[in-house]
Amino acid sequence: MKMDFDEDDLSSFTDLDDNGFPVSSSVDVESHGEEVEGEMSLPVGDVCSSTSDFAIDFYLSGTNWSELVRDEGDEVPKNGEKVKKALVQRDLFQVWGISKSSKRPGVSNPSTPKKRQRSVIDDFASGSALVGERKGAECNGRSRPHSCPFYKKIPGTSFTVDAFRYGAIDECSSYFLSHFHYDHYGGLSKKWSHGNIYCTDLTARLLRSCLSVNPQYIFPLEINAEHVIEDIKVTLLEANHCPGAALILFRLKDGKCYLHTGDFRASKSMQLYPSLANHHINLLYLDTTYCNPKYSFPSKDDVLAFVVRTTLKFLSKQPKSLIVVGAYSIGKEPVYLAISQALGVPIYANASRRKILQSFGWPDLSKKLCSCTESSPLHVLPLSCLRYENLKEYLKTCKQQFQTVLAFRPTGWTYSERTASHLDLIRPVIKGDVTIYGVPYSEHSSFTELREFVKFLKPEKIIPTVNAGNAANRARMQSYFKEWLKV
DNA sequence: GCGATCAGTT
DNA sequence: CACAACTGATCGC
């Protein structure tokens, strides 16, 4: 496989703009000085006025940025020289999914534009970017697999992170998987053959047991240890997300140091990770899921305590209650572990979930699992089952044992300013003998946790990996970053 | 019938 | 009300 990225990839760009996006020239990137207050909206034009063409294009478009190329006639940069010319899309219409047959008025010419077409850009900037992309992709009559977005690639390497749904990625020989959630491993199956997969040992087991990925491609990496892969030092760190989730630190030969957070919940204890405390981070790929001050929620411990005391209180009034906790495949285990602990009861889970939970290799969890619904008043069910009708039916199946259901739906964030600081203000939905609590047990960082993490890490540049699909969000997050990194 | 992708759900 | 993270339906072969 050809290994140089220089011709048409981003890794040859050593300069990054204020947002961590590569710049292709010495365009002025001076600050435009706005401070962000709450929900203020930044006009797109302002954001672009001081950034490179590359960043302009990024801000105004959807998220498929891997197809940016240097304009024809550009020369490969020589040592010490910066590329002078702007980048252009190979084919804006194709990349953004607007085809000949598009129903959009005024977009009938699919020929490769050499310059950005304002009318099209405006459509995207006005918020229809992702919709347009999706619709466009299918109105060809056949859906084209999207190409890997640049923010999943690690510059100066042949590495990608959480990029399995794009088939074989040009110039990528090592595929990192941050954790075992569908939106990150999507594309992995027993047919995977595009390259080596690196992940934690726990994630590796899940790839084998749940997805039947061919073990010859799976390379588990011990956590907290430095590994050398293709001449690059790689360290996985506990991400405080779901079991097996890792932050990934890359240290390149040229001294550059990049941290990809995957999905994570920033915590104070991360400031004690030696590899984070001791290395200057040039570029941070940040899980920006809740990068907005409106997202505020309690610590996990506070939520666990709330769940336990709510359960005990409920049981004191309704001793013959079934306790149900909703959960996706993996994640949120501490919620039912805490209840199990407090009540001294085992945890019922169906066979497929037991298989997954057993594979964690956590003795404390494994020994609490039971396979018979009658063996415990504590059941773990798919989140999709936590609806009144389902739970009512479920209760009927064990009516002789239980009279009521108390269910917890651990979501990332519940829409209520008040419950953020006052858990006891959370009100359940009660219908007949079914009571359902939504609890803000989050495995992503809150806004303030993100801020503290970034202020600690002081990365040179930040690339948001979540909610970066529309220009307004990117502009807003960019302003937060600028504020946090002010000296 | 199967895997990939999209649309819908909580 | 927003989210993450599915799950089920549809599509192309």
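Keep in mind that this is a model prediction, so the values were computed, not measured. (Residues numbered from 1 in each chain as written. Chains lettered and ligands numbered in written order. Predicted model: local features only at pLDDT ≥ 70, side-chain atom pairs only at ≥ 80, totals over all residues. Heavy atoms only, no water.)

This paragraph deals with helix α6 (residues 201-211). Every buried residue belonging to α6 is among Leu202, Thr203, Ala204, Leu206, Leu207 and Leu211, and all of these are buried. Those residues of α6 that are buried are in contact with α5 (182-185), β6 (196-199), β7 (218-220) and α10 (351-358). (Buried < 20%, exposed > 50% of the residue type's maximum accessible area, 1.4 Å probe, protein only. Helix = DSSP H or I, 4+ residues; strand = E, 2+ residues; numbered from the N terminus. Contact = heavy atoms within 4.5 Å.)

We now examine the pattern of salt bridges. Scanning all chains against the criterion turns up 9 salt bridges. Between Glu449 and Arg265 there is a salt bridge; the shortest N-O distance is 2.9 Å. Residue Glu449 is found in helix α14 (residues 447-457), and its partner Arg265 is found in the loop between β11 (257-260) and α7 (274-277); the two are separated by 184 residues along the sequence. The exposure class of Arg265 is buried, given its relative accessible area of 2%. Linking Lys486 and Glu483 is a salt bridge whose minimum nitrogen-to-oxygen distance equals 3.3 Å. Since its relative accessible area comes to 34%, Glu483 is described here as partly exposed. (Salt bridge = Lys/Arg side-chain N within 4 Å of Asp/Glu carboxyl O.)

Our focus in this paragraph is the sheet that holds strand β9 (residues 232-238). Here we have 6 strands laid out as an open sheet, ordered β8-β9-β10-β11-β12-β20, and mixed in their pairing. A single partner strand is all that each edge strand has here, and the edge strands are β8 (226-229) and β20 (461-464). Direction aside, the axes of adjacent strands within the sheet are offset by 20° on average. Here strand β10 (residues 246-251) pairs with β11 via 4 bridges, running antiparallel. Residue pairing in the sheet places Ile248 in a bridge with His260 of β11. (Pairing = 2+ DSSP bridges. Axes fitted to C-alpha atoms, helices over the stretch in contact; angles between N-to-C directions.)

Residue position: Thr435 is located in strand β19 (residues 434-440). When its relative accessible area of 6% is taken as the criterion, Thr435 is described as buried. With residues up to four places along the chain from it excluded, the contact list for Thr435 reads Phe314, Val405, Leu406, Ala407, Pro428, Val429 and Ile430.

Looking now at unusual backbone geometry. Look at Asn240: it is not a glycine, yet its phi comes out positive at around 55°. Structurally, Asn240 can be placed in the loop between β9 and β10. Using a relative accessible area of 23% as the deciding quantity, one classes Asn240 as partly exposed.

Turning our attention to the confidence of the model for chain A. Here chain A averages 74 in pLDDT, and 69% of its residues register 70 or above. Predicted confidence for residues 1-145 stays below pLDDT 50, and this span has 245 contacts to residues more than four positions away or in other chains. (pLDDT = per-residue confidence, 0-100.)

What follows is about the nonpolar core. Among the nonpolar cores identified, the biggest contains 81 residues, and Leu188, Leu207 and Phe453 are the most heavily contacted of them. At 7 residues, the largest contribution of residues to this core is made by helix α8 (residues 300-317). Looking at which domains feed residues into this core, each of domain 2 (148-294 + 445-467) and domain 3 (300-439) gives three or more. Leaving out residues up to four positions away in the same chain, Phe453 has contacts with Leu259, Thr261, Phe264, Ala266, Met270, Leu276, Leu284 and Leu286. Counting residues in each nonpolar core, the second largest holds 20 residues, with Tyr198, Val234, Leu252 and Tyr285 among its members. (Core = buried A, V, L, I, M, F, W, Y, C linked by side-chain atoms within 4.5 Å. Domains from an automatic or database assignment.)

Further remarks concern the side chain of Ser340. With respect to the element layout, Ser340 can be found in helix α9 (residues 333-343). Here the side chain of Ser340 touches Val345 through a polar contact of 2.6 Å, landing on its backbone oxygen. If we ignore the near neighbours within four places in the chain, the residues touching Ser340 are Val345, Ile347, Lys368 and Leu378. (Polar contact = N/O pair within 3.5 Å; in protein donor to acceptor, adjacent residues only side chain to side chain.)

Many descriptions give the size of an interface as the accessible area lost when the pieces come together. Looking at the assigned domains, one finds that chain A contains domain 1 (7-95), domain 2 (148-294 + 445-467) and domain 3 (300-439). A separation of 31 Å is found between the C-alpha centroids of domain 2 and domain 3. Contacts between the two partners involve 14 residues from domain 2, matched on the other side by 14 residues from domain 3. For the pair domain 2 and domain 3, the summed buried area comes to about 1,200 Å², and 59% of that belongs to carbon and sulfur atoms. (Buried area = accessible area lost by both parts, 1.4 Å probe.)

Next up on the list: α10. Taken as a whole, α10 has its buried residues at Arg353, Arg354, Ile356 and Leu357. Viewed end-on, α10 has its buried residues packed into an arc of 165°, placing them on one side of the element. For α10, the elements touching its buried residues are α6, β13 (321-327), α9, α11 (363-366), β15 (369-370) and β16 (378-382). (Arc of directions from axis to C-beta.)

On to the sheet that holds strand β3 (residues 153-154), then. With mixed pairing, 5 strands are arranged side by side in an open sheet as β3-β4-β5-β6-β7. The open sheet has two edge strands, β3 and β7, and neither has a second partner. Pairing of β6 with β7, which is carried by 3 bridges, proceeds in the parallel orientation. Bridging from a neighbouring strand, Tyr198 pairs with Phe219 of β7.

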